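Observations on chain architecture
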Amino acid sequence: LAQDRQRSEVRRRSAWAKLERDETSIPDYTWDLEELRLVPPRTRAILYLHIIEGWPYADIADMLGCSQVAARMAATRGRQRIATTLREEALDAPA
């Protein structure tokens, strides 16, 4: 049990460190990372870990100290927020 907590803490620190780095230093995902800035940090972490790093929601929830349902819901809301913002930008763009 203590080792699981220690592993979770190490993963948590590693994930936050990745998100705190200058996101322009990762050229393969520049568009993904730019859009991730539209959501709050916790949601950004969930989306980054799931979509880009390929982590399952169960591991993300364990790392962030929330339920798997809460992690999935945050991801859903984050995707919706990004989609809404992108739609609004597309409508505002000159034709």
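Everything quoted here is computed from the prediction, not taken from an experiment.

**Examining the overall build of the chain**
Within the chain one finds 5 helices and 0 strands. Along the chain direction, N to C, the helices and strands of the chain fall in the order α-α-α-α-α. Sorting the 95 residues of the chain into buried and exposed places 28% on the buried side.

**Structural notes on the packing of helix H3 (residues 41-52) against helix H5 (residues 68-92)**
Helix packing for two helices is described by the angle between their axes and how far apart those axes are. The contact between H3 and H5 brings their axes to 9 Å, and the two run at 95 degrees. Taken together, the axes of H3 and H5 are roughly perpendicular relative to one another. Judged by residue contacts, Thr43, Ile46, Leu47, His50 and Ile51 of H3 engage Ala71, Ala74, Ala75, Gly78, Arg79 and Ile82 from H5. Its residues placed into classes, the contact of H3 with H5 shows 7 nonpolar, 3 polar and 1 charged.

**Overview of H3**
Taking 1.5 Å as the rise per residue, H3 with 12 residues should run 16 Å; its terminal C-alpha atoms sit 15 Å apart, in good agreement. When we look at burial in H3, the residues that qualify are Thr43, Arg44, Ala45, Ile46, Leu47, Tyr48, Leu49 and Ile52.

**A look at the nonpolar core**
Counting 17 residues, the largest nonpolar core has Leu36, Ile46, Leu47, Leu64 and Ala71 as the members making the most contacts within it. Those elements giving two or more residues to this core turn out to be H3, helix H4 (57-64) and H5. If near-sequence neighbours (up to four positions away) are discounted, Ile46 is found in contact with Tyr57, Ile60, Leu64, Ala71, Ala74 and Ala75.

**Topic: the confidence of the model for the chain**
The predicted model of the chain averages 80 in pLDDT, with 77% of residues at 70 or higher. Helix H2 (residues 30-36) is the least confidently modelled element of the chain, averaging 65 in pLDDT, while H4 averages 94, the highest of any element. When the criterion is pLDDT under 50, residues 22-27 qualifies, and its contacts beyond four places in sequence or with other chains add up to 6 contacts.

The rules behind these values
- Residues numbered from 1 in each chain as written.
- Predicted model: local features only at pLDDT ≥ 70, side-chain atom pairs only at ≥ 80, totals over all residues.
- Heavy atoms only, no water.
- Helix = DSSP H or I, 4+ residues; strand = E, 2+ residues; numbered from the N terminus.
- Buried < 20%, exposed > 50% of the residue type's maximum accessible area, 1.4 Å probe, protein only.
- Axes fitted to C-alpha atoms, helices over the stretch in contact; angles between N-to-C directions.
- Parallel < 35°, antiparallel > 145°, perpendicular 65-115°, else oblique.
- Contact = heavy atoms within 4.5 Å.
- Nonpolar A, V, L, I, M, F, W, Y, C, P; charged D, E, K, R; others polar.
- Expected span 1.5 Å × (residues − 1).
- Core = buried A, V, L, I, M, F, W, Y, C linked by side-chain atoms within 4.5 Å.
- pLDDT = per-residue confidence, 0-100.

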